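# A structural walkthrough
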Amino acid sequence: MKFTGIVEGFYGKPWSRDSRIDMMKFLGNHGYNLYVYAPKGDPFHRAKWREPYPQNMLNDFKELVNVGNNANVEFSIALSPGLSLVYSKPKEVDLFVEKMLSFYDIGIRIFGLFFDDIPQMLQNDRDIRKFPDLVHAQIHFAHEVYKKLELKVPDLKLMLCPTIYHGDGRSDYVQALGKELDQKIYILWTGPQICSENITTKDAISIENILKRKPIYWDNYPVNDLHMASELHIGPYMNREPGVLDHASGFILNPMIQMEPSKIPLVTASYFFKDPYNYNHKKAFEKAVSEFVSKKIRNAFYHFSSYNVVSPLHPAESLHAKLLINRFEKFYSEEKFADLLSSIKKESEEIKIYSDILIMMMPDIKFFQEIIPWIKEYEEWGETLSDLEEAIQILQEFFEKENLQKELLLKVAESIEKVRKDVRKFADHKTAIFTREMRNFVYETLIKMSVMSGVN
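Numbering of residues begins from 1 in every chain and follows the order in which that chain's sequence is written. In keeping with the predicted nature of the model, local features appear solely for residues at pLDDT of at least 70, side-chain atom pairs appear and are counted solely at 80 or more, and the whole-chain, interface and lining totals rest on all residues. Excluded from the side-chain calculations are hydrogens and water; all other atoms, namely the structure's heavy atoms, are used.

What follows is about the packing of aromatic side chains. Put simply, two rings from Phe, Tyr or Trp (the six-membered ring, in Trp's case) pair if the centres are within 6.5 Å, and we call them stacked under 30 degrees between planes, edge-to-face over 60, tilted for the rest. Scanning all chains against the criterion turns up 32 aromatic pairs. Pairing Y37 with F75 gives two aromatic rings, centres 6.3 Å apart and planes at 50°, and the pair type is tilted. In this pair, Y37 sits in strand β2 (residues 34–37) while F75 sits in strand β3 (residues 74–79), placing the two residues 38 residues apart along the sequence. Across the pair, F75 and Y37 agree in class, each one buried. On the basis of an interplanar angle of 55° and a centroid distance of 5.8 Å, the ring pair of Y87 and F115 is categorised as tilted. Placement of Y87 in the loop between β3 and α3 (90–104) and of F115 in the loop between β4 (110–114) and α4 (125–130) is noted, with a sequence separation of 28 residues between them. Classification of Y87 as buried rests on a relative accessible area of 3%. Of the aromatic side chains, those joined through ring pairs into one cluster are F10, W15, Y35, Y37, F44, Y53, F61, F75 and F103. Here the basic side chain of K40 rests over the ring of Y11, its NZ or CZ set 5.2 Å away from the ring centre. Should the NZ of a Lys or the CZ of an Arg lie within 6 Å of a ring centre and within 35 degrees of the ring normal, that charge is described as sitting over the ring. The ring of Y271 carries the charged tip of K287 above its face, separated from the ring centre by 5.0 Å. Going along the chain from the N terminus, every DSSP run of H or I of four or more residues is numbered as a helix, and every run of E of two or more is numbered as a strand. Three labels apply to residues, based on accessible area from a 1.4 Å probe with only protein chains included: buried if under 20% of the type maximum, exposed if over 50%, partly exposed otherwise in between.

In structure tokens, the structure reads:
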């Protein structure tokens, strides 16, 4: 493959200049060679694509080019004009090329033309009259841009992100793109889904044949924008078959809004790209964690991370969470309340100990500051489990002591309501360390307790 790296392509607040410099150095240290700048939140990338970048931003980009040169990482910029572009206007081509040449002047040699996340039909009447459909308008525009850039840019590299950028490639749009787009233009592709859980060699061969070239995979991991913003995607890179790399021009991963914790999955991916056939995602994760977490707090971090696995690559709960929930449910269904209470207590105490360790012993660095909201929720889940344990104990006491029924019934009601309030808090959080399974278990337990005690 020619390229491995990242695309800063998420929705949300773009990274800072200092974060980008840090990431460029990080990429170079881990064998990556490309950084594509394309944040949706930058107006000059998308909404104001026709307008030149302010000089201060061009100066920052120039600095990134220089940092990249020292780190053996190319800095690339893409523009995303599709929301307002009039494909049939020659002036639009000139504006796009002029802006790209301003990037060339500061040392950029790889350029991006992105048509992602726009309507799949032509919007402008002039374009509708000239072109049969969207894909032919985009091919025309890309060819005109390439033709003009090629006159000024030796060894031009142009990447195109299509409007349909995932799936099986059987749509008329993708078929036409593969057949008619100049073979010298790279095509970006995210795989079977927007955020692909798996990419197989069979998938890769099929799309290579349809696109008539090896795509550059825009791999949407560990990104956590939009509906995923509450998730912390720190799990290892996985579910990409080694053979996929033989049918790709490159892989660029889309990181999280939180730059520092993005490095853990990026480190794991670097091991995959270096030696895909011997890659072990568990070992890679341990190596990655060792780069950022000191040995004395590593066990605490591993336990915390087991609560933060859910992502497009890991759609189900972690094995730890699954076993935990299964154990709780088994003990409850078999009415082994002593075992249930012991199990819940053990987990809640571990969370309390580990969350204290992470909070008290965290070095004052960005990596930990960016994951603090998730550590806080982790800590609160420990408190919730502790409250659930107490509620079950009170219920047991209610059934055992006939002479204290009224007094204990009030305590049962209060304890149930306390746990309900605990769980309701998580619904308003900007973080989510579990999927629904744990919340469902707690709610179902409270319902059963209410029925058993007669509490409404």
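With that settled, the discussion passes to unusual backbone geometry. With an omega dihedral of 5°, the bond running from Y221 to P222 counts as a cis peptide bond. Along the chain, P222 turns up in the loop between β7 (216–219) and β8 (250–253). One non-glycine residue, N239, lies in positive phi territory at about 70°. Its place among the elements puts N239 in the loop between β7 and β8.

What follows deals with the pairing of strand β1 (residues 3–8). Taken across its 6 residues, β1 has 6 buried, putting it largely inside the fold. For two strands to pair, DSSP has to find at least two bridges joining them. One ladder, built from 4 bridges, connects β1 with β8; its direction is parallel. By the bridge assignment for β8, I6 is matched with L253. Handedness of a crossover is defined as follows: with both strands directed away from the viewer, a clockwise route from the first strand across the helix to the second makes it right-handed. Crossover connection from β1 via helix α1 (residues 17–29) to parallel β2: handedness right-handed.

If the charged atoms of two oppositely charged side chains come close together, the side chains can form a pair. In what follows, salt bridge is the name for a side-chain nitrogen of Lys or Arg lying within 4 Å of a carboxyl oxygen of Asp or Glu. Scanning the entire structure with this criterion turns up 21 salt bridges. Of the charged contacts in the structure, one is a salt bridge between D22 and K263, with a shortest N-O distance of 2.4 Å. Here K263 lies in helix α8 (residues 259–274) and D22 lies in helix α1, a separation of 241 residues in the sequence. Overall, D22 belongs to the partly exposed group, its relative accessible area being 29%. A salt bridge links K157 to D155; its shortest N-O distance comes to 3.0 Å.

Another aspect to go through is the environment of R129. Its location among the elements puts R129 in helix α4. In this structure, the C-alpha to C-alpha distance between R129 and S88, residues 41 residues apart in sequence, is 9.4 Å.

Turning to the side chain of S306, a few remarks are in order. Along the polypeptide, S306 turns up in the loop between α10 (298–305) and α11 (319–333). A relative accessible area of 14% means that S306 is categorised as buried. Throughout this description, a polar contact denotes any pair of N or O atoms lying within 3.5 Å of each other; where both atoms belong to protein, one of them has to be capable of donating a hydrogen while the other can accept it, and for residues adjacent in sequence the pair is counted only when both atoms sit in side chains. There is a polar contact of 2.6 Å between the side chain of S306 and the backbone oxygen of H303.

Time to look at the state of the cysteines. By disulfide we mean two sulfur atoms from cysteines, separated by a distance within 2.5 Å. Tallied over the full model, the rule gives 0 disulfides. Sulfur of C161: no disulfide; nearest cysteine sulfur belongs to C195 and is 13 Å away.

One simple way to see leftover space: roll a probe sized like a water molecule over the atoms. Put plainly, a pocket is an open set of points on a 1 Å grid over the protein atoms alone with protein on both sides within 12 Å along at least five of seven lines, a cavity is a set where a 1.4 Å probe fits but cannot get out, and a lining residue has an atom within 4 Å of a point. Grid points are joined across faces, edges and corners, and a volume is the space filled by probe spheres set on the points. Roughly 620 Å³ of internal volume is contained in the largest pocket. Lining the largest pocket are 23 residues, with H281, K282, V309, S318 and L319 positioned closest to its centre. Those elements giving two or more residues to the lining of the largest pocket turn out to be α9 (281–292), α10 and α11. When residues in the lining of the largest pocket are grouped by element, the largest group, 4 residues, is from α9. Three classes are used: nonpolar for Ala, Val, Leu, Ile, Met, Phe, Trp, Tyr, Cys and Pro, charged for Asp, Glu, Lys and Arg, and polar for all others, with Gly counted as polar. Looking at side-chain class alone, the lining of the largest pocket contains 11 nonpolar, 8 polar and 4 charged residues. If you add up the space inside the second largest pocket, you get close to 280 Å³. Lining the second largest pocket are 21 residues, and of these S230, T431, A432, F434 and R439 sit closest to its centre. Only α14 (405–427) and α15 (436–453) provide two or more residues apiece to the lining of the second largest pocket. Looking at the lining of the second largest pocket, the element that brings in the most residues is α14, giving 4 residues. Each residue belonging to the lining of the second largest pocket can be placed in one class, and the counts come to 11 nonpolar, 6 polar and 4 charged.

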